[in-house]
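Each chain is listed here by its residues.
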Protein chains: 4
Amino acid sequence: MSIRFPLILINFKTYIESMGNRGLELARIAEEVSEETGVCIAVAPHTVDLFRVAPNVGIPVFAQHVDPDPPGAYTGAIAPESLKEAGVSGAIINHSERRMRLDLIEDAVKRCSSLGISTCVCANTPLAGRAVASFAPEMVAVEPPELIGSGIPVSKAKPEVVEGSVELVKRVNEGIRVLCGAGIASGEDVSAAVKLGTEGVLLASGIVKAKDRRGALLDLALALRDQGR
Amino acid sequence: MSIRFPLILINFKTYIESMGNRGLELARIAEEVSEETGVCIAVAPHTVDLFRVAPNVGIPVFAQHVDPDPPGAYTGAIAPESLKEAGVSGAIINHSERRMRLDLIEDAVKRCSSLGISTCVCANTPLAGRAVASFAPEMVAVEPPELIGSGIPVSKAKPEVVEGSVELVKRVNEGIRVLCGAGIASGEDVSAAVKLGTEGVLLASGIVKAKDRRGALLDLALALRDQGR
Amino acid sequence: MSIRFPLILINFKTYIESMGNRGLELARIAEEVSEETGVCIAVAPHTVDLFRVAPNVGIPVFAQHVDPDPPGAYTGAIAPESLKEAGVSGAIINHSERRMRLDLIEDAVKRCSSLGISTCVCANTPLAGRAVASFAPEMVAVEPPELIGSGIPVSKAKPEVVEGSVELVKRVNEGIRVLCGAGIASGEDVSAAVKLGTEGVLLASGIVKAKDRRGALLDLALALRDQGR
Amino acid sequence: MSIRFPLILINFKTYIESMGNRGLELARIAEEVSEETGVCIAVAPHTVDLFRVAPNVGIPVFAQHVDPDPPGAYTGAIAPESLKEAGVSGAIINHSERRMRLDLIEDAVKRCSSLGISTCVCANTPLAGRAVASFAPEMVAVEPPELIGSGIPVSKAKPEVVEGSVELVKRVNEGIRVLCGAGIASGEDVSAAVKLGTEGVLLASGIVKAKDRRGALLDLALALRDQGR
């Protein structure tokens with residue numbers, strides 16, 4: 001499934017509201033909104049639900065985590081090859097709730113890239129964003145952890161973090177797309193993010209826990225679309 | 001899916017031979033052999049394949065790993081609730097390739113038990129087997145790591161480890177089933193294991209990488225069945 | 001330095017008040033109180049201060065953590081042999097702020113024991129206490145994490161946790177001493193702990209951050225001594 | 001203790017040959033050779049021996065590992081403040097035998113820098129070297145793990161790794177010094193390293209396990225000195 005920018009990437013985390021068939025439903029809502037608006041929307045379901053979702057929607061599906069180990073005697077690991085076989089298009093790496101060792105981030109990006117799996121590496125600061133840019137992932141997502149789930153959008157509360165990240169990442173590698181996350185919930189937040197140079201957003205509770213998930217997502221997508229005009 | 005003893009539990013690890021549809025195929029072979037012989041055979045597919053396998057076979061399916069975190073903001077975690085929703089019956093915990101902190105083992109067993117997910121906690125020594133017995137998992141699987149994948153069956157090379165484990169575990173909790181693993185490949189190895197007091201085996205490469213997987217599994221199952229007579 | 005029971009074990013953590021020479025001073029206060037009261041008091045200084053403290057006091061000194069790796073190419077590890085050479089008598093293992101993998105707990109206890117280093121393994125629940133008792137450490141310290149640093153003494157708030165731990169640990173191995181910790185600050189808390197069957201206490205902020213550290217420690221020691229009569 | 005370049009940094013690891021007083025002796029040999037040759041030599045003793053060594057030698061002393069946690073309730077952590085109080089000048093961070101999470105590397109560098117503790121962050125590849133350069137440590141040490149302890153010097157076996165690292169690191173931050181390590185044992189290896197643009201070497205077994213440690217170190221120091229002319 002090809003990924004286009006600007007991108008909305010919805011992390012389902014392990015919320016009860018996005019588990020099992022409720023996750024598939026949410027993925028289908030994302031698919032509909034994507035079709036309606038023309039904006040690329042990707043979803044990152046529970047790991048156990050990747051095969052429930054990926055073969056059944058026409059939008060990119062991401063893993064929430066991936067391990068760099070090759071196929072083999074690695075009980076419990078999430079091998080990039082497994083993702084590939086399940087029709088997964090991308091992987092979130094080093095999420096603030098799943099921080100990784102530096103060397104494993106490098107290996108995970110390399111192995112995913114070699115298999116054609118898109119990578120979105122998370123970073124908590126502009127300097128960390130620049131650091132992971134060294135490995136040439138397709139995306140770097142900057143998320144100040146203190147704003148995650150806070151309802152305070154990073155694009156408004158810390159514009160300098162977003163802008164600084166874009167600048168530092170692009171200086172290492174012009175081709176990397178910068179997303180931002182943490183506290184993003186409305187179209188307004190998204191517009192602010194795009195104005196700061198990002199090409200998308202990574203969000204979770206803002207959609208997963210919204211009362212009107214379709215409405216909330218449509219609001220984001222329209223803001224992104226109109227921003228692009 | 002109800003689990004019966006003696007049990008053969010096949011860990012697919014992340015072998016390429018057990019990935020994706022090859023994993024589903026192997027699970028179906030296990031199902032057939034189970035039906036033919038009446039011996040309970042369970043499979044532990046790649047995490048990403050749990051939903052590919054569990055709804056499609058009539059034998060118990062296990063996760064290779066589970067996290068104790070509750071549903072919520074735990075990106076990348078394998079929540080017991082996710083397993084439940086995917087139709088998974090049990091979980092391997094603390095495998096030698098995925099060792100866990102003691103406190104997390106306790107929490108993982110508790111949370112799985114409260115959801116009706118069966119637990120098989122691995123231990124590398126009889127003393128570690130007794131330690132995890134404290135948390136009352138349904139099964140304790142003793143596997144000396146140096147024999148895993150070695151082709152040397154623990155039931156023959158270290159009978160005292162198997163016997164000692166059975167004795168120590170049962171003294172803590174009579175109701176816990178003891179499995180053994182590491183190097184198990186033939187019916188003869190299984191017979192030896194049962195004679196030492198175990199109620200099943202945990203194995204991986206012996207089946208996953210066998211040339212004739214059906215034949216190898218049938219050999220194990222028949223040995224287990226005849227042992228029980 | 002020989003350890004006697006009942007025991008007061010003071011964990012200096014990495015508090016600023018117990019760092020460097022302030023840690024040595026606190027260790028000397030402990031030594032004086034121990035001499036005055038005849039009660040055994042041990043201290044666990046900052047790792048970096050072990051050699052500052054151990055050769056300069058006549059009371060047992062503990063490490064706050066130890067790794068099971070043998071001497072060799074293990075950069076940054078705390079080898080039991082290093083402790084031995086520095087005159088350290090014991091080691092805290094698996095503290096709630098430094099949880100360890102089950103297999104490493106077993107290895108760490110074994111390696112320390114073989115070198116004559118006393119071990120105090122922490123556990124957050126009675127079942128975890130029983131689990132680690134399997135490895136025959138000299139002491140098991142039960143500390144419900146939610147009470148650590150709370151000022152609410154476990155011996156009063158959760159007497160059933162303390163009593164249950166003593167019973168379960170002793171059933172595995174009569175010879176293991178059970179300590180309790182979390183929220184212990186006064187002589188009264190210590191008396192309550194001893195009445196529940198423990199042979200000592202593990203505490204930190206209650207002494208390290210006390211305004212009158214000598215007075216606070218004397219209060220504890222006298223309570224322990226009088227309890228024993 | 002001020003650090004000058006080119007630098008020889010000797011990692012004592014947890015080798016038995018560099019433990020306790022043997023470590024202090026080795027540090028004194030390093031001090032003598034440093035005085036004789038004018039070349040800056042630093043040592044990284046066992047963590048437990050930092051206070052045994054640092055106050056007793058006139059050369060820079062490094063920790064083998066440091067944690068980013070602030071002073072407080074962090075049992076077992078190695079706080080930068082503890083290092084400072086013990087007279088330690090610098091810290092190795094993210095050694096291949098002690099890999100760290102990316103976010104903790106950033107925090108550890110920041111906290112050390114703010115306290116005037118010099119930092120040497122290890123990296124296994126040129127890209128990882130560039131990544132950690134983002135945090136502006138004083139030094140980046142590139143060490144291909146497969147050559148560590150191999151006796152095959154990185155400066156000869158993989159000159160492109162050394163040269164590539166220097167180039168990438170300097171492009172991020174001109175002021176960072178690049179060291180190389182892995183397999184370095186002779187003056188010739190050191191000369192090769194300096195010719196490739198490094199300003200020093202990080203080594204361990206080549207000195208610690210040398211039969212004639214003084215001689216081996218003198219050989220290295222003279223090569224570095226003569227290289228500088």
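Reading guide: rules and limits
Residues numbered from 1 in each chain as written. Chains lettered and ligands numbered in written order. Predicted model: local features only at pLDDT ≥ 70, side-chain atom pairs only at ≥ 80, totals over all residues. Helix = DSSP H or I, 4+ residues; strand = E, 2+ residues; numbered from the N terminus. Rg over C-alpha atoms; globule rule 2.2 N^0.38 Å. Buried ≥ 20, exposed ≤ 12 C-beta atoms within 10 Å, placed from the backbone. Contact = placed C-beta atoms within 7 Å. Least-squares fit on C-alpha atoms with pLDDT ≥ 70 in both. Nonpolar A, V, L, I, M, F, W, Y, C, P; charged D, E, K, R; others polar. Axes fitted to C-alpha atoms, helices over the stretch in contact; angles between N-to-C directions. Left-handed = near helix turned anticlockwise from the far one by under 90°.

Before going further, it helps to spend a moment on the overall build of chain A. When its secondary structure is counted, chain A shows 10 helices and eight strands. For 229 residues, the compact-globule estimate of 2.2 N^0.38 gives 17 Å, and the C-alpha radius of gyration of chain A, at 16 Å, lies within 12% of that figure. With the C-alpha coordinates aligned to their principal axes, the bounding extent of chain A is approximately 45 × 40 × 30 Å. For chain A, buried positions account for 64% of its 229 residues. Of all intrachain contacts in chain A linking residues separated by at least 6 positions in sequence, the fraction that spans at least 24 positions is 66%.

Turning to the arrangement of the chains, a few remarks are in order. Without any contact between them, chain A and chain C keep their closest C-alpha atoms 16 Å apart. Looking at chain B next to chain D, you find no contact at all, with the nearest C-alpha pair sitting 16 Å apart.

Turn by turn, an α-helix covers 3.6 residues, leaving residues three or four places apart pointing in a common direction. Most of helix 5 (residues 126-133) of chain A is tucked away: seven of the eight residues are buried. All of the buried residues in helix 5 of chain A are P126, A128, G129, R130, A131, V132 and A133 of chain A. Against the buried residues of helix 5 of chain A lie helix 4 (102-114), strand 5 (118-123), strand 6 (139-142) and helix 7 (159-172) of chain A together with helix 4 (102-114) and helix 5 (126-133) of chain D.

As a further point, take the relation of the copies chain B and chain A. Once chain B has been moved 0.0 Å along the axis and rotated by 180°, it coincides with chain A to within an RMSD of 0.0 Å. On this basis, the relationship between the two copies can be described by a two-fold rotation axis. When the interface residues of chain B are mapped onto chain A, 100% of them again lie at the interface, so the same face is used by both copies.

Turning next to the interface of chain C and chain B. With 17 residues of chain C in contact, the opposing surface of chain B contributes 17 residues. It is helix 5 (residues 126-133) of chain C that provides the largest number of residues to the side of chain C that touches chain B, a total of five residues. A breakdown of the residues in the side of chain C that touches chain B according to their chemical character gives eight nonpolar, four polar and five charged.

This part is about the interface of chain B and chain A. Opposite the 35 residues of chain B that make contact, chain A presents 35 residues. Elements with a contribution of two residues or more to the side of chain B that touches chain A: helix 2 (50-53) and helix 3 (80-85) of chain B. Top element by residues in the side of chain B that touches chain A is helix 3 of chain B. It accounts for four residues. A class-by-class count of the residues in the side of chain B that touches chain A yields 14 nonpolar, 13 polar and eight charged.

This part covers the packing of helix 8 (residues 187-195) of chain B against helix 10 (residues 213-227) of chain B. All names here are of chain B. Remark: helix 8 packs on helix 10, axes separated minimally by 8 Å, with the N-to-C direction vectors making an angle of 35°. The way helix 8 lies across helix 10 gives a crossing that is right-handed. Of the residues in helix 10, those in contact with G187, E188, V190, S191 and V194 of helix 8 are D219, L220, L222, A223, L224 and Q227. Residue composition of the contact of helix 8 with helix 10, grouped by class: six nonpolar, three polar and two charged.

Residue and element names in this part refer to chain A. Each neighbour pair has its own omega, and for F5 with P6 the value is 0°, a cis peptide bond. Residue position: P6 is located in the segment before strand 1 (7-11). Its identity as a non-glycine residue notwithstanding, K13 has a phi of 45°, on the positive side. For K13, the position within the fold is in the loop between strand 1 and helix 1 (21-37). One non-glycine residue, N94, adopts positive backbone phi at about 70°. Relative to the helices and strands, N94 resides in the loop between strand 4 (90-93) and helix 4. Owing to 29 C-beta atoms within 10 Å, N94 belongs among the buried residues under this scheme.

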